[in-house]
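For reference, the chains in residue letters:
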Amino acid sequence: MARSARFRHAAAGVAAALVLLVAVHAGSEPLGNRLPWAKLADAIQQELDALRLFEADRRASTDFATLPDSERAFGTNPSRIAAVPGKPFLVGLLRGDDALVVLGDGLKELQRLPTPPLPTGLSLTEDGILVSGVGSGRLAWFAWDGDELKPAGTWRTAQPAAIRDVAVDHGGSRVFAADELGARLLVLDFHAGLEGLELADLQEIPLPPGPASVRRTPNYLAVSSLTGHTVTVFHLPGESRPDTARSLQLRYDGPIWSMDAAEAGGVLRLALGGAEDHPLDRTNGFFGNIDSYLYVVDVAPADRRLRAREQTRENLSALGVVTPKTVVLNWSGHGATVHTAGYGSETMLRLSWGDTLNAPAVDATPVPPGSTDLLYLPRQGVLLANPLLDAWI
C-alpha cells in the first residue's frame, strides 16, 4: 500500500474509533453495559501502530538538510519597489527568488537578474542600482546600457555579514551599508564610481543591534536599528565621513520598523514607524503599551552638536494601521505628507500637515495586509510590495 494511502487508512481508522466512542458515550444505557472495551482498544491500537509506522517511514526518508527554508518555500516575497531615476521603469526585489526585476507598464516584468541571497537593500542612482541581501555580505552593482540593466560588479565582505540595507552617496563612489549580523555601519569607498566595485577604502562604525534601514540626504545619514530601538544620525556636510563626535542617537522603548528622511534648509526630518514609546506593561495579565506609532522628528546642528526635536507622534493603531513596516515622507520645508501601510492590518494612511504639525488630515484606504514597501507616484498613486500575498499591489 502506498504511504499516502496507509496514512489515510490509519487516520480514518482512528477517526472511526473516536466516533464510536462518542456515540456509545452519548447513549442513555450505562456505558459499561454496551462498550466492547477490549475490541475497541485493539482496533485503536492497530490504527495507531499503522500511523506511527507511516510517520517513522516519512521521517526516515526525508533529508531535512536539503529541504528549502521558509524564505524559499513561501513564495517570491516581493519586498522592495522603487522608481528608476530618468527612466520609465520601476524596479523591485524578490527576496524569495534572489532576484532584481525591472517592471514596465502595468507592472509587467521586463527583466529579471540574480542578486545576493535574500535581497533587502536597494539604492538607485542615474547610473545604476546597488543591491544587498541579508543572506551574505555581498553587494551587486547593476548598470544601465540604454534601457537594459546589466550586472556590472560584485563585492563581498571579508567576514560573515548580513547587509540589510545600502545607500549610495551623492558622489557615486561611496556606499553606506548596514550590517545586521555585525551591528556595524560599513563606509565603502570604491575606485572610479561603482563600476566593477573595486574597493579603495573601508571604515567600520559600531551601531546598536539590528541595523535595518539607511537613508542619505545632502548633509545627513540616518540608520535605524530594529532590535536596538535606536536611530543613529550622522552630520555629513559635503564629502565628510561619518564621525561619532558629530552624531546623535534617538532611543525608543520599542522597535522601529520603518524610516524615511528628507532635508530642507539644513534640517533633517525623519518619519519613523514603530512601537509605542513605553515599556511593555504586563500587570493586568496581558501586553499593554503595544500600539503602533508614527514619530516625526527634526534634527539640526546647534552649538556644534546635533539637536533633535520631536514634531509630532500619532497613534497609528487608533487609525487602523498595525505594524507599519513602510513609511514614505514628502517634505520640502513647508507642510509634510506621510504615507504608511500596516503589515498586520488592512489599512493604508495618508497623513498631511500644514506648516505646523498639529492634528493631521487623515485619508484611509483599505489595502490587503502584509506590505513591506510603499512607492508613491504623484500621477499613478501608490504601489505596494507585499510578500504576504507575493504580489505588487
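Structural notes, computed from the coordinates. Keep in mind it's a predicted model, so treat the numbers as computed, not measured. (Residues numbered from 1 in each chain as written. Predicted model: local features only at pLDDT ≥ 70, side-chain atom pairs only at ≥ 80, totals over all residues. Heavy atoms only, no water.)

1. Some points on the overall build of the protein
Which entries qualify depends on this criterion: Helix and strand assignments come from DSSP, with helices taken as H or I runs of at least 4 residues and strands as E runs of at least 2, each series counted from the N terminus. Both definitions apply: the radius of gyration is a C-alpha atom measure, and the globule rule equals 2.2 Å times residues to the power 0.38. Whether a residue is buried, partly exposed or exposed follows from its accessible area with a 1.4 Å probe, protein chains only, as a fraction of its type maximum: under 20%, in between, or over 50%, in that order. Each accessible area is a Shrake-Rupley result for a 1.4 Å probe, and residues are judged covered by the shown protein chains and nothing else. Residues counted as positive are Lys and Arg, residues counted as negative are Asp and Glu, and His and the chain ends are not counted. Charge placement uses NZ in Lys and CZ in Arg. For Asp and Glu, CG and CD serve respectively.
Across its full length, the protein carries 4 helices and 27 strands. Over its C-alpha trace the protein gives a radius of gyration of 27 Å, far above what one expects of a compact globule, namely 21 Å for 393 residues. Dimensions of the protein, computed from the C-alpha atoms along their principal axes, are close to 90 × 50 × 40 Å. Classification of the 393 residues of the protein by burial places 47% in the buried group. Total accessible area on the protein is roughly 19,200 Å²; 53% of this is exposed by carbon and sulfur atoms. Side-chain charges in the protein split into 35 positive and 45 negative, and the spacing between the mean points of these groups amounts to 3 Å.

2. Quick look at the sheet that holds strand 25 (residues 373-377)
Put simply, the rule is: Paired strands are those between which DSSP finds at least two bridges.
Across the sheet, which stays open at both edges, the 3 strands sit in the order 25-26-27 with antiparallel pairing between neighbours. In this open sheet, the two strands that pair with only one neighbour each are strand 25 and strand 27 (391-392).

3. A short note on the sheet that holds strand 13 (residues 211-216)
As a general point, the strands of a sheet are linked pairwise by backbone hydrogen bonds and lie either parallel or antiparallel. What counts, and what does not: The angle between two axes is taken between their N-to-C directions and runs from 0 to 180 degrees, where each axis is a line fitted to C-alpha atoms and a helix contributes only its stretch in contact.
Spatially, 4 strands are ordered 13-14-15-16 in an open sheet, and the strand pairing comes out antiparallel. Each edge of the sheet is formed by a strand with only one pairing partner; in this case those strands are strand 13 and strand 16 (247-251). Ignoring strand direction, the axes of neighbouring strands in this sheet form an average angle of 15°. Of the strand pairs in this sheet, strand 15 (residues 230-235) and strand 16 are connected by 5 bridges, and their pairing is antiparallel. Bridging from a neighbouring strand, Thr232 pairs with Gln249 of strand 16.

4. Let's talk about the nonpolar core
Filter applied, for reference: Buried Ala, Val, Leu, Ile, Met, Phe, Trp, Tyr and Cys residues form a nonpolar core when they are joined through side-chain atoms within 4.5 Å. Should any heavy atoms of two residues lie within 4.5 Å, those residues are considered in contact.
Among the nonpolar cores identified, the biggest contains 18 residues, and Val231, Val233, Leu270, Leu272 and Val299 are the most heavily contacted of them. Looking at this core, the elements that each hand over two or more residues are strand 14 (220-225), strand 15, strand 16, strand 17 (256-264), strand 18 (267-275) and strand 19 (292-302). Per-element accounting of this core gives the leading share, 4 residues, to strand 19. Here Val231 is in contact with Val223, Ser224, Leu248, Gln249, Leu250, Ile256, Met259, Leu270 and Leu272, once residues within four sequence places are set aside. If you look at the next biggest cluster of nonpolar residues, it comprises 17 residues, including Leu139, Ala143, Ala161 and Ile163.

5. What about the pairing of strand 1 (residues 78-83)?
Regular strands place their side chains on alternate faces of the sheet. Burial analysis of strand 1 places 5 of its 6 residues in the buried class, the great majority of the element. Taking the residues between adjacent antiparallel strands as the criterion, strand 1 and strand 2 (residues 90-94) are bridged by 6 residues, where Gly86 takes a positive phi near 75°.

6. Thoughts on the pattern of salt bridges
Note the threshold: Any Lys or Arg side-chain nitrogen located within 4 Å of an Asp or Glu carboxyl oxygen qualifies as a salt bridge.
If you walk through the whole model with that rule in mind, you get 20 salt bridges. A salt bridge links Arg80 to Asp373; its shortest N-O distance comes to 3.3 Å. Of this pair, Arg80 sits in strand 1 while Asp373 is found in strand 25, placing the two residues 293 residues apart along the sequence. A salt bridge links Arg350 to Asp363, with the nearest nitrogen and oxygen atoms 3.9 Å apart.

7. Section: unusual backbone geometry
Positioned with a positive phi, Asp98 is a non-glycine residue whose angle comes to about 50°. Tracing the backbone shows Asp98 in the loop between strand 2 and strand 3 (99-103). With a relative accessible area of 18%, Asp98 lands in the buried category. Phi at Leu197 takes a positive value of approximately 50°, unusual for a residue other than glycine. In this fold, Leu197 is placed in the loop between strand 11 (184-190) and strand 12 (199-206).

8. Notes on helix 3 (residues 37-61)
Definition in use: Expected span of a helix, by definition, is 1.5 Å for each gap between consecutive residues, and there is one gap fewer than residues.
Over its 25 residues, helix 3 extends 36 Å from the first C-alpha to the last, a length consistent with the 36 Å expected when each residue adds 1.5 Å. Residues Leu40, Glu47, Leu51 and Phe54 constitute the buried set of helix 3.

9. Considerations on the side chain of Ser371
Our working definition: By the criterion applied in these results, polar contacts are pairs of N or O atoms within 3.5 Å in which, for protein atoms, one can donate a hydrogen and the other can accept it, and in which residues neighboring in sequence qualify only through two side-chain atoms.
Looking at where Ser371 falls in the secondary structure, it is placed in the loop between strand 24 (361-366) and strand 25. We classify Ser371 as buried; its relative accessible area is 0%. Within the structure, the side chain of Ser371 is placed 3.3 Å from the side chain of Asn386, a separation counted as a polar contact.

10. Thoughts on the pairing of strand 3
Across the 5 residues that make up strand 3, a large majority, 5, are buried. Residues Ala99, Val101 and Leu103 line one face of strand 3 and the alternating positions Leu100 and Val102 line the opposite face, and both faces are buried. Where strand 2 hands over to strand 3, the hairpin turn is made up of 4 residues, of which Asp98 adopts a positive phi near 50°. As defined by bridge partners, strand 3 adjoins strand 4 (residues 109-114) across 5 bridges and the pair is classed as antiparallel. Considered in strand 4, the bridge of Leu100 is made with Leu113. Connecting strand 3 to the next strand, strand 4, in antiparallel fashion are 5 residues, including Gly106 with a positive phi near 65°.

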